[in-house]
Amino acid sequence: MTTLVELAAEKESADVTDWAARLGWVVGLLLFIALVYWLMREGWKWRGTLQSDLPELPSAPSDPGPARLELSGRYHGSTTAGQWLDRIVAHGLGTRSRVELTLTDEGLDVVRPGAADFFIPADRLREARLDKGIAGKVLAEGGLLIVTWEHGEKLIDSGFRSDHAAEQAEWVETINTMINTATTEGTAR
């Protein structure tokens, strides 16, 4: 009868790890991730090139007047109006950031720390509404403040989310009233 020690000594244990194969898989995976990242970056740059016909963004006037409304929150991006997945990346409009919005009689001042600020003149505002999504960001129904405005020959939807979502309805009402008042005054002349 063989003892337990002899049985254990007779069998050889199999190699636990094939280090060369494992290292090959890790290197291959890292190269694949790098390739995907590079392709995404090139796609972003290509989209910017395709949108290069978009004129420079206007800057705020030196004296925009008293603020009607102010909001702090997040800027989620801009898209071609009516096409919520067609992100605009030219001139930094595709960069998400914190935002400070100020609405005056002159227009909408968009201040974005860490990204390019821009100004939407009042005569270029077309509509404001509450919606649920914009390129890459989907929230509950009415979770985003969408401002439609004209820039160059293009209509743009810009998406904002207030730190206090309840105040977004007031923004929609105020902006749409400004637009309707300007339209009524323009046709009365």
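Up top is the structure these notes are about.
Each chain has its residues counted from 1, following the order in which its sequence is written. Local features in this predicted model are restricted to residues whose pLDDT is 70 or higher, and side-chain atom pairs enter the listing and the counts only when it is 80 or higher, whereas totals over whole chains, interfaces and linings include all residues. Where side-chain values are given, they derive from all heavy atoms of the structure, hydrogens and water being excluded.

A.B. asks: Tell me about the layout of surface pockets, and please be specific about residues and values.
C.D. replies: There is about 230 Å³ of room inside the largest pocket. Both cavities and pockets are sets of points on a 1 Å grid over the protein atoms alone; in a cavity a 1.4 Å probe fits but cannot get out, in a pocket the set is open with protein on both sides within 12 Å along at least five of seven lines, and lining residues sit with an atom within 4 Å of a point. Forming the walls of the largest pocket are 12 residues, and the residues nearest its centre are Ala-122, Met-178, Ile-179, Thr-181 and Ala-182. For the purposes of this entry, the term helix denotes a DSSP run of H or I that reaches at least four residues, the term strand denotes a run of E that reaches at least two, and both are numbered from the N terminus. Per element, the largest residue contribution to the lining of the largest pocket is six residues, and it comes from helix H3 (residues 168–188). Asp, Glu, Lys and Arg are counted as charged, while Ala, Val, Leu, Ile, Met, Phe, Trp, Tyr, Cys and Pro are counted as nonpolar; the rest, among them Gly, fall into the polar class. Tallied by class, residues from the lining of the largest pocket come to five nonpolar, two polar and five charged. Grid points are joined across faces, edges and corners, and a volume is the space filled by probe spheres set on the points.

A.B. asks: Talk me through the environment of Thr-80; I want residue IDs and the actual numbers.
C.D. replies: Residue placement: Thr-80 occurs in strand E1 (residues 69–80). A C-alpha to C-alpha distance of 6.3 Å links Thr-80 and Leu-155, two positions 75 residues apart in sequence. In this view, Thr-80 contacts Asp-86, Ile-88, Lys-154, Leu-155 and Asp-157; residues no more than four positions away in its chain are not counted. Throughout, a residue-residue contact means that at least one pair of heavy atoms, one from each residue, lies within 4.5 Å.

A.B. asks: Residues and numbers for unusual backbone geometry, please.
C.D. replies: Where the residue is not glycine, phi is negative for most of them; where a peptide bond is considered, it is trans in most cases. The phi torsion at His-91 lies on the positive side, around 60 degrees, for a residue other than glycine. Tracing the sequence through the fold places His-91 in the loop between E1 and strand E2 (97–103). Categorising residues by exposure relies on relative accessible area from a 1.4 Å probe, with only protein chains included: less than 20% of the type maximum marks a residue as buried, more than 50% marks it as exposed, and the intermediate range marks it as partly exposed. Residue classification places His-91 among the partly exposed positions, given a relative accessible area of 27%.

A.B. asks: I'd like a rundown of the nonpolar core, residues and numbers included.
C.D. replies: Take the buried residues of types Ala, Val, Leu, Ile, Met, Phe, Trp, Tyr and Cys, join any two whose side-chain atoms come within 4.5 Å, and each joined set is a nonpolar core. One finds Leu-93, Leu-101, Leu-108, Phe-118, Phe-160, Trp-171 and Ile-175 to be the most contacted residues of the largest nonpolar core, which totals 27 residues. Of all the elements in the fold, those that place two or more residues in this core are E1, E2, strand E3 (107–111), strand E4 (118–121), strand E5 (125–131), strand E8 (144–151), strand E9 (154–162) and H3. Tallying contributions element by element places H3 first for this core, with five residues. Excluding residues that lie within four positions of it along the chain, Leu-108 makes contacts with Leu-101, Thr-102, Leu-103, Phe-118, Phe-119, Ile-120, Val-147 and Trp-171.

A.B. asks: Quick one: what's the story with the sheet that holds E5, residue by residue and with numbers?
C.D. replies: At least two DSSP bridges between two strands are needed for those strands to be called paired. Here seven strands make up an open sheet; going across it, the order is E4-E3-E2-E1-E9-E8-E5 and the pairing antiparallel. Where the open sheet ends on each side, the last strands, each with one partner, are E4 and E5. In this sheet, neighbouring strand axes are inclined to one another by 30 degrees on average, regardless of whether the strands run parallel or antiparallel. Sheet topology note: the E3/E4 ladder contains four bridges and is antiparallel. Within the sheet, the bridge partner assigned to Leu-108 lies in E4 and is Ile-120. For helices, the fitted line uses only the C-alpha atoms of the stretch in contact; every axis is such a line through C-alpha atoms, and the angle between N-to-C directions lies from 0 to 180 degrees.

A.B. asks: Give a description of the pairing of E4 that names residues and reports values.
C.D. replies: A two-sided burial pattern is seen for E4, the buried positions comprising Phe-118 and Ile-120 on one face and Phe-119 and Pro-121 on the other. Between the end of E3 and the start of E4, which pair antiparallel, lie six residues, with Gly-114 showing a positive phi angle near 85 degrees.

A.B. asks: I'd like a rundown of a nonpolar patch on the surface, residues and numbers included.
C.D. replies: Taken together, the side chains of Val-26, Leu-29, Leu-30, Phe-32, Ile-33, Val-36 and Met-40 define a hydrophobic patch exposed on the protein surface, amounting to about 690 Å² of accessible area. Mapped onto the elements, Ile-33 comes out in helix H2 (residues 19–50). Since its relative accessible area comes to 48%, Ile-33 is described here as partly exposed. Like-charged residues within 9 Å of one another, or nonpolar side chains (Val, Leu, Ile, Met, Phe, Trp, Tyr) within 5 Å, are grouped into patches, provided each residue has over 30% relative accessible area and no salt bridge. Shrake-Rupley sampling with a 1.4 Å probe provides the accessible areas, and residues are treated as covered by the protein chains on show and by no other component. Definition used for salt bridges: Asp or Glu carboxyl oxygen within 4 Å of a side-chain nitrogen of Lys or Arg.

A.B. asks: A description of the pattern of salt bridges should follow, citing residues and the corresponding values.
C.D. replies: Tallying each qualifying case throughout the model produces seven salt bridges. In this structure, the salt-bridge partner of Asp-105 is Arg-68, at a minimum N-O distance of 2.8 Å. Here the residue Asp-105 occupies a position in the loop between E2 and E3, and Arg-68 occupies one in the loop between H2 and E1, the gap between them amounting to 37 residues. Since its relative accessible area comes to 44%, Arg-68 is described here as partly exposed. When the shortest N-O distance is used, the salt bridge between Glu-127 and Arg-129 registers 3.7 Å. For Glu-127, a relative accessible area of 34% puts it in the partly exposed group.

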